[in-house]
Amino acid sequence: MDKVDVVASLGQEQLLRPAWITAALAANDRLKVYLSLLQAAQAHADQPTTTSLDFSDELSSAGITSPWLKDLAATAFRTGRLLNIPELPRLAAMLRDDLLTMARPLNKGTSEAALTERASDWCAWLEALNGDTLDDEQLRALTSGKRGKGDSFHILVMDLHKTLNHMAAELSDDVVDGAHVWQLAKQDRPRVAAFMRGLNRTRPLKLDHPGLDTAATRDGERLLLQNDIGTNDAHVLVIQVQDLRITLTYSDLHRQRFGFFQNMLGEIGAQWSMPEARTSSGLNAGKAFFVGTATFDSKDEESLHRALEGIGSRIVFLIDWNRARKRLVQFVSKASAVAILSETARREAGHMAWLVAGAERLIYGAMQALGSDYFHIGDRLDQVLGATPAEEFLIEALSLASQSTQQGHSTALIGDETRLLLVRHLQRRRDEFDLLSEHAAYCHALAEGLRDALAHGHHLKRKAADKLAERAKEWEHQADLMVMRSRSRAELQPRWRPFTGLIERADDVADYLEEATFLLSLIAEGGHEGWKGEVQEAMLRLTDEVLNATQDHVKALAIAGTLNDQSTAEDHEEFVAALWRVLNAERRCDLLLRDVRRALMRHVSDAITLNLGTEFALALERSTDALLATGFGLRKLAFSRMGGSL
């Protein structure tokens, strides 16, 4: 069953009459060939020695592709008064189906009702045929075109053809910007033109894929528009416009694509009903398809035109949407695949050019070209790049394919452009240094929180110290997650292993600083007797130095991520200077720890306060020891990445 049946199932038969008439006239051409074949079969059976007629041209012209029909006449033979025709039941079924197609446009309840009744009678007659034989009377009933001797199948076909020609002539056929229209009112034409303006703006994105044919007519107070979208039988869109309200009925066999279209139209003001699942004999192989209704209420004619244009511009993105989604989920999650298709639709780039250029082969080719240092067989793009960067790359890859295709670039060139795009994305991310830098940011936040807490006297305020400890615990947890992410990547990619070793050392920094915030909360709970004057000043100097060391660690990482064999001497000097400041900070913190211990000994007599203060200062100093070890590891890694040129 074809798309016109789906439109009928949505209750818009008025839109279908021109399509039905077109289909009926094509069925008439096929029926004439079938009747000629029957007459040729009779002639061959009566005179077997004569050469059978070749109907190849007639079959091709009528669009008939069944190969067995070419041999139908040559295989016929007589058995007494019976004409034997192999495959007669199949031919009878084709006669019946095309007769029904010819009768479908008739207006029931009018003067054409008699033709409808005759067609029903002849369909029943064909269904009653038995076996592969016809007697002379049955053959005459099928093929005779002489009037005055009762009705025949052939006469009915001729009568239907005459009526169909009259109906076609009565339709005022016209075209508005590519839409086939008839019986429009004056106000309808600019509305159809607005819809087609949007449709035609994005139509080139479908490339050679069939679809987007539009029909429009007036039915009473309503303008009706129908777009066939593509080739799926249950994928249809019908629009009604009455006054300033648009009502759009949409059917789709894919629930996810239905949701995608809902969201696209929701962005331009659609209010959707709940979609319902329907089944109909002959549609979508009897499986459920989904139908929903969207409404647009416009304040004036201009906003109505904008809504129609917006609807028209978005239809092209439904074509082969599910195929594109299935290709994308090889690289990202299902949700990310939909997000990618949504964004490329917003950019009016679409996905068809990417599909035609190779789809997943483009992406796999780009990944393989970068080699095993970056990707291995079986790697998902989001596992290597991360979910968000993978989405960003694929959005740009689909957009690039669309732009390049419109510029006439070859598939090979688009493949090269995709590989370069992936290289740029990896360079933009600064690969593994992103994770190290993000971890360093948490260490800096911990150090800054401790310095500010002491500066504002939070070691005396239990509530404030507890709040900082809670935040620090979450920061340290996030830093731990980054370590685990790096370990997971190192299991798949050898190039991640030295970075994983580095981030594991850096995680000691986070651990010591989080421990210090916990100890500060205990101090604020009652272990701060004597924390003033010299003790307070010594502690502040120590936290200031720790904060400076984490800041230099962040700076060293930022520079290291940009270093390569093209780096300048100034870049090298700045990197080394930051590392040496970390080294000097560790040495100064050793001395400052002694100052803290001396101050505690002089001014604190309470054992608990003395112990907590010492442990607090020791945790701070140990964080700089870990920073120093991390700095040396970073220096070695940076040297190796530059081939020892530093």
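Residues numbered from 1 in each chain as written. Predicted model: local features only at pLDDT ≥ 70, side-chain atom pairs only at ≥ 80, totals over all residues. Heavy atoms only, no water.

(A) Geometry of the overall build of the protein chain. Looking only at helices and strands, one finds 23 helices and twelve strands in the protein chain. Here the analysis covers contacts within the protein chain between residues at least 6 apart in sequence; of these, 71% occur between residues at least 24 apart. Approximately 29800 Å² of the protein chain is accessible, and the part contributed by carbon and sulfur atoms is 49%. (Helix = DSSP H or I, 4+ residues; strand = E, 2+ residues; numbered from the N terminus. Contact = heavy atoms within 4.5 Å. Areas by Shrake-Rupley, 256 points an atom, 1.4 Å probe, with all protein chains shown as cover.)

(B) Structural view of helix 10 (residues 301–314). Compared with an ideal rise of 1.5 Å per residue, which puts 14 residues at 20 Å, helix 10 spans 20 Å between its outermost C-alpha atoms and is within 8% of the ideal. Within helix 10, ten of the 14 residues are buried, which leaves the element mostly enclosed by the surrounding structure. Ser303, Leu304, His305, Ala307, Leu308, Gly310, Ile311, Gly312, Ser313 and Arg314 are the residues of helix 10 that are buried. Between the side-chain oxygen at the start of helix 10 and the backbone nitrogen of Glu302 there is a gap of 3.3 Å, and the oxygen is on Asp300. (Expected span 1.5 Å × (residues − 1). Buried < 20%, exposed > 50% of the residue type's maximum accessible area, 1.4 Å probe, protein only. Polar contact = N/O pair within 3.5 Å; in protein donor to acceptor, adjacent residues only side chain to side chain.)

(C) Molecular detail of the pairing of strand 6 (residues 214–219). Burial analysis of strand 6 places five of its six residues in the buried class, the great majority of the element. Strand direction decides the pairing type here: strand 5 (residues 179–182) and strand 6, joined by three bridges, are parallel. Residue Trp182 lies in a different strand from strand 6, and its bridge partner there is Thr217. Between strand 6 and strand 7 (residues 222–227), which pair antiparallel one after the other, the connecting turn spans two residues, and Gly220 there sits at a positive phi close to 65°. (Pairing = 2+ DSSP bridges.)

(D) Region of the structure containing the environment of Arg505. Within the fold, Arg505 resides in helix 20 (residues 497–526). Excluding anything up to four places from it in sequence, Arg505 contacts Ala626, Ala629, Thr630 and Gly633.

(E) Here's a closer look at the packing of aromatic side chains. Taken as a whole and judged by the stated rule, the model has nine aromatic pairs. Judged by centre distance (4.6 Å) and plane angle (50°), the rings of Tyr250 and Phe261 are tilted. Here Tyr250, found in strand 9 (residues 245–252), pairs with Phe261, found in helix 9 (residues 255–266); they are eleven residues apart in sequence, far enough to count as distant. An aromatic cluster of at least three residues, connected via ring pairs, comprises Tyr250, Phe258, Phe261 and Trp272. (Phe/Tyr/Trp six-rings, centres within 6.5 Å; stacked < 30°, edge-to-face > 60°.)

(F) Looking closely at the nonpolar core. Residues Ile239, Leu248 and Leu381 are the most contacted members of the largest nonpolar core, which totals 75 residues. Setting aside residues no more than four positions away along its own chain, Ile239 makes contact with Phe195, Leu223, Leu224, Leu225, Ile246, Thr247, Leu248, Leu308 and Ile311. Ranked by size, the runner-up nonpolar core spans 48 residues in total, among them Leu35, Ile64, Met94 and Leu126. (Core = buried A, V, L, I, M, F, W, Y, C linked by side-chain atoms within 4.5 Å.)

(G) How the structure looks around the sheet that holds strand 2 (residues 82–84). Spatially, 1-2-3 is the arrangement adopted by the three strands of the open sheet, whose pairing is antiparallel. For this open sheet the edge positions go to strand 1 (77–79) and strand 3 (133–134), each flanked by a neighbour on one side alone. Relative to strand 2, strand 1 runs antiparallel, the two sharing three bridges. In the sheet register, Arg78 faces strand 2, and the bridge partner there is Leu83.

(H) Spatial organisation of the pattern of salt bridges. In total, this model carries 37 salt bridges according to the counting rule given. Put simply, Glu87 and Arg90 hold a salt bridge, and the shortest N to O gap is 3.3 Å. The partner of Asp159 in a salt bridge is Arg118, with the nearest N and O atoms 2.9 Å apart. Here Asp159 is found in helix 7 (residues 153–170), whereas its partner Arg118 is found in helix 5 (residues 113–127), with 41 residues between them in sequence. Of the residues examined, Asp159 reaches a relative accessible area of 17% and is grouped as buried. With a relative accessible area of 23%, Arg118 lands in the partly exposed category. A single network of salt bridges, built from pairs that share partners, joins Asp46, Arg78, Arg81 and Asp136. (Salt bridge = Lys/Arg side-chain N within 4 Å of Asp/Glu carboxyl O.)

(I) Structural detail: unusual backbone geometry. For Glu87, which is not glycine, the phi torsion reads 70° and is therefore positive. By relative accessible area, which is 34% here, Glu87 ends up partly exposed.

(J) Expanded view of empty space enclosed by the protein. One pass over the full model with this rule turns up one cavity of 30 Å³ or more. By volume, the largest cavity amounts to about 30 Å³. (1 Å grid on protein atoms, 1.4 Å probe; cavity = no way out; pocket = protein on both sides within 12 Å on 5 of 7 lines; lining within 4 Å. Points joined across faces, edges and corners; volume = space filled by probe spheres on them.)

(K) Focus on the packing of helix 4 (residues 88–103) against helix 5. Following both chains from N to C, one finds helix 4 and helix 5 inclined at 170°, their axes separated by 9 Å at the closest point. Taken together, the axes of helix 4 and helix 5 lie roughly antiparallel to each other. Along its contact with helix 4, which presents Ala92, Leu95, Arg96, Leu99, Leu100 and Ala103, the element helix 5 presents Ala119, Trp122, Cys123, Leu126 and Glu127. In terms of residue class, the contact of helix 4 with helix 5 is built from nine nonpolar, no polar and two charged. (Axes fitted to C-alpha atoms, helices over the stretch in contact; angles between N-to-C directions. Parallel < 35°, antiparallel > 145°, perpendicular 65-115°, else oblique. Nonpolar A, V, L, I, M, F, W, Y, C, P; charged D, E, K, R; others polar.)

(L) Examining the pairing of strand 5 more closely. Of the pairings in the sheet, the one linking strand 4 (residues 174–176) to strand 5 comprises three bridges and is antiparallel in character. Across the sheet, Asp174 pairs through a bridge with Val181, a residue of strand 5. As consecutive antiparallel partners, strand 4 and strand 5 are separated by two residues, and within that stretch Asp177 has a phi angle of approximately 50°, a positive value.

(M) Representation of helix 16 (residues 387–406). With 20 residues, helix 16 extends 29 Å from end C-alpha to end C-alpha; this agrees with the ideal 28 Å at 1.5 Å per step. The set of residues buried in helix 16 consists of Ala390, Phe393, Leu394, Ile395, Ala397, Leu398, Ser399, Leu400, Ala401, Ser402 and Ser404. Taken from the residues just after helix 16, Gly408 is the one with a positive phi, measuring 85°.

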